[in-house]
Amino acid sequence: MSKKIFAKNLGSMSVAVLISRVFGLVRDIFFARFFGATFVADAFNVSFQIPNLLRKLFGEGALSAAFIPIYSEYSVNKSRDEQIRFALNVLSLLTFFLFILSILGILLAPLIVRIFAPGFDIETYELTVRLTRILFPYLLLIGLSSTLISILNFHGYFFIPGLSSALLNIGMIGALFFSTFFENLSTREEVIFLAIGVLIGGVLQTVINFPLLAKIGYRVKLHLTTKGEALKNLGQRFIPGVIGLAIRDINLIADTILASFLISGSIAALQYGNRLMQLPLGIIGISASSAVLPLFSRYTSEKKWDSLSETFRFGLASLTYVMIPITLIFIALGEDIITLLFKRGAFDEFALKMTYNALLFYSLGLLFFSLNRTVIPLFYAFKDTKTPVKISAFIVAVNIILNIILMQYLQHAGLALASSIAALVHFCILMSIMKKKMPVICIKPLWINTIKILFMSFIVYLLIKLLAPFFPASDNIEIIIKLFVLTTISAGIYYLGTKLLKVEYIDRIGKKIA
């Protein structure tokens, strides 16, 4: 039953994230059409970075990792009313904190912009300050929305909460479209519409959760108190999570600094390659992370170790089944994918080669980036937020050392390879410590399963390389046909081959994920 629940949750979340990514692509097309690569685009991107930093804090693990295990305990040891009262208390404190932070952000916007973008000229600086003041209230909306989504995920609702980013994108697209009804608007005025669209999207992200919350017994009301052992425990677990996210940001900053010493275009190539790698990671890897934390926390609270072990094993097997063939498809068809998406205007053949090299070496770590997002929630479920932080700090050091060594030989691709190797080391350390600290979790080795998947993925790779010469592609239409035919044939052969080899969970993975 645990495998069915996980597969259903992961499938729902993956579909929702896929829809959100499609709307994100449409939003980017609109944004490029209106603002291109101008100072207006720079001003908006910097001003929008600030709420997105908070998204990392509240939307990608720190608060959820601290909140969900305690919330799960309430579901076992307390009444539903007490559980809801605890959640409303957290939401009320969060609302108060983010409201104060938003006011301070509006007042201190000039200083904040100087810190984030010290090199802006006066025109760009003034526009960024104006946009930052408009966008700061989005902090409150995204903080609340992310916590509401965590609650709904715990209660088994994944699809509607997973559409959160799509609603943000719809708000932004709608605002830009609405601006076209006004004649002779300058780009400065159009970008104000876009900023207002962000706030509209933020409201949509928040209120869409209210009907589902009402369904499980929530009523919108304040319950503000700073007393209680549960809140104290929440704070103690939340702080290490914040530190862990800060450590990850240091890693990204280090990559950018080192890339700046390489040939021109290295930073851009890394960003393009990473963006492509993030597509399957976001749809599958991050969705898996969101799906497993509520299940892990529930099984831990109820001491259902068999269900916990089986769900964890199924999660690892599912990610392995999906990510390994995607990696080899990136390697085999990466240049075609990059050409289709990016090669136009200033993005020339040299940029294509640079981006492909980045994608090639990033994709080697795709499996481990996704697996780590499944293993770390297991520590959170056992109320251990400190161990992942300590491991992350060590991995940052490993990554920086590898960066310095590999960039000497592979230039910017060495930075991508360093990230992939660090992800592998991260996974090995997490699994090793997990086995020592969590002996109640019993999973049979997945090596045989993985070897079967690797074998079939390699067959698919050879098949693509064999058939590719029969699909010469000189324009985007031909590239689309080539990618569609080769990936469709490959997916069918891969599924049939893994079924014949009796790869574990193949039927359930095929129905719910593939």
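Residues numbered from 1 in each chain as written. Predicted model: local features only at pLDDT ≥ 70, side-chain atom pairs only at ≥ 80, totals over all residues. Heavy atoms only, no water.

(A) Just the overall build of the protein, in detail. Within the protein, the regular secondary structure consists of 21 helices and zero strands. Taking all 514 residues of the protein together, 53% fall into the buried category. A separation threshold of at least 6 residues defines the contact pool for the protein, and within that pool the share at least 24 residues apart is 84%. As presented, the protein carries roughly 23,800 Å² of accessible surface, and 68% of it is formed by carbon and sulfur atoms. (Helix = DSSP H or I, 4+ residues; strand = E, 2+ residues; numbered from the N terminus. Buried < 20%, exposed > 50% of the residue type's maximum accessible area, 1.4 Å probe, protein only. Contact = heavy atoms within 4.5 Å. Areas by Shrake-Rupley, 256 points an atom, 1.4 Å probe, with all protein chains shown as cover.)

(B) The environment of Y461, seen in detail. Structurally, Y461 is set in helix 19 (residues 447-467). C-alpha of Y461 to C-alpha of S490: the two residues are 29 residues apart in sequence and 8.2 Å apart in space. Not counting the four nearest positions on each side in its chain, Y461 is found in contact with L328, I331 and A332.

(C) A look at the packing of helix 14 (residues 305-342) against helix 19. At their nearest, the axes of helix 14 and helix 19 sit 9 Å apart, and the two run at 25° to each other. Accordingly, the angle class assigned to the pair helix 14 and helix 19 is roughly parallel. Crossing of helix 14 over helix 19 shows right-handed handedness. Residues A317, T320, Y321, I324, P325, L328, I329, I331, A332 and L333 of helix 14 pack against N449, T450, I453, L454, S457, F458, Y461, I464 and K465 of helix 19. A class-by-class count of the residues in the contact of helix 14 with helix 19 yields 14 nonpolar, four polar and one charged. (Axes fitted to C-alpha atoms, helices over the stretch in contact; angles between N-to-C directions. Parallel < 35°, antiparallel > 145°, perpendicular 65-115°, else oblique. Left-handed = near helix turned anticlockwise from the far one by under 90°. Nonpolar A, V, L, I, M, F, W, Y, C, P; charged D, E, K, R; others polar.)

(D) Just the packing of aromatic side chains, in detail. A full pass over the atoms with the stated rule returns 10 aromatic pairs. Each ring, one from F44 and one from F48, has its centre 5.5 Å from the other, and the planes form 25°; the classification is stacked. Pair noted here: F44 and F48 are both in helix 2 (residues 39-59), with a separation of four residues, about one helical turn. Of the two residues, F44 and F48, both sit in the buried class. When the ring of F368 is compared with that of F427, the centres are 5.9 Å apart and the planes differ by 50°; the resulting orientation is tilted. Here F427 lies in helix 18 (residues 412-437) and F368 lies in helix 16 (residues 366-381), a separation of 59 residues in the sequence. (Phe/Tyr/Trp six-rings, centres within 6.5 Å; stacked < 30°, edge-to-face > 60°.)

(E) Geometry of the nonpolar core. In this structure, F312, V375 and L378 are the most contacted members of the largest nonpolar core, which totals 73 residues. Among the secondary structure elements, those contributing two or more residues to this core are helix 13 (266-301), helix 14, helix 15 (349-363), helix 16, helix 17 (386-410), helix 18, helix 19 and helix 20 (476-500). Broken down by element, the residue count for this core peaks at 17 residues, all from helix 14. Contacts of L378, omitting those with residues within four sequence positions, involve F296, L308, F312, M434, M438 and I441. Listed in part, the 23 residues of the second largest apolar core include L140, L144, L152 and F154. (Core = buried A, V, L, I, M, F, W, Y, C linked by side-chain atoms within 4.5 Å.)

(F) Highlighting helix 14. With 38 residues, helix 14 extends only 48 Å from end C-alpha to end C-alpha; this falls clearly short of the ideal 56 Å at 1.5 Å per step. Helix geometry: helix 14 is bent most strongly at L333, by close to 75°. For helix 14, a buried count of 29 out of 38 residues is recorded, marking the element as mostly surrounded by other parts of the structure. (Expected span 1.5 Å × (residues − 1). Bend = angle between axes of the 7 residues up to and from the residue.)

(G) Here's a closer look at helix 17. Across its 25 residues, helix 17 extends 35 Å between first and last C-alpha, which sits within 8% of the 36 Å expected from 1.5 Å per residue. Taking the largest bend as the criterion, helix 17 deviates by roughly 25°, centred on I404. Looking one or two residues beyond helix 17, the residue adopting positive phi is Q411, at roughly 55°.

(H) Local environment of the packing of helix 15 against helix 18. Across the interface, helix 15 lies against helix 18 with an axial gap of 7 Å and an inter-helix angle of 15°. As far as their axial angle goes, helix 18 and helix 15 are roughly parallel. You can see that helix 15 and helix 18 cross each other, and the crossing is right-handed. Contacts between helix 15 and helix 18 involve M354, N357, A358, F361 and Y362 from the first element and H412, A413, A416, L417, S419 and S420 from the second. Of the residues belonging to the contact of helix 15 with helix 18, the class tally is seven nonpolar, four polar and no charged.

(I) Focus on the pattern of salt bridges. Overall, the coordinates contain three salt bridges when judged by the stated rule. Here K353 and E335 are joined by a salt bridge, their closest N and O atoms 3.3 Å apart. Here the residue K353 occupies a position in helix 15, and E335 occupies one in helix 14, the gap between them amounting to 18 residues. (Salt bridge = Lys/Arg side-chain N within 4 Å of Asp/Glu carboxyl O.)

(J) Expanded view of the side chain of T339. Tracing the backbone through its elements, the reader meets T339 in helix 14. By relative accessible area, which is 16% here, T339 ends up buried. Polar contacts involving the side chain of T339 include one to the main-chain carbonyl oxygen of E335, which spans 2.7 Å. (Polar contact = N/O pair within 3.5 Å; in protein donor to acceptor, adjacent residues only side chain to side chain.)

(K) Here's a closer look at unusual backbone geometry. Phi at N184 takes a positive value of approximately 60°, unusual for a residue other than glycine. With respect to the helices and strands, the residue N184 is situated in the loop between helix 9 (164-179) and helix 10 (187-207). Classification of N184 as exposed rests on a relative accessible area of 77%. Positive phi, normally seen in glycine, also occurs at Q411, with a value near 55°.

(L) Representation of the environment of F178. As for its position among the elements, F178 is in helix 9. With 19 residues separating them in the primary sequence, F178 and G197 have C-alpha atoms 9.8 Å apart.

(M) Representation of the environment of F39. Topologically, F39 is positioned in helix 2. Overall, F39 belongs to the partly exposed group, its relative accessible area being 26%. In the structure, F39 is positioned 149 residues away from R188 in sequence and 9.6 Å away in space, judged by C-alpha atoms. When near neighbours in sequence (up to four residues on either side) are disregarded, F39 contacts E123, T124, L127 and R188.

(N) Up close: a nonpolar patch on the surface. The grouping of F96, F99, I100, I103, L104, L107, L108, L111, I115 and F116 at the surface amounts to a nonpolar patch, some 980 Å² of accessible area in total. Those elements that provide at least two residues to the nonpolar patch are helix 4 (80-107) and helix 5 (109-116). Examining the composition of the nonpolar patch, we find that six residues originate from one element, helix 4, more than from any other. (Patch = residues over 30% accessible without salt bridge, like charges linked within 9 Å, V, L, I, M, F, W, Y side chains within 5 Å.)

Nothing here speaks to function; it is geometry throughout.
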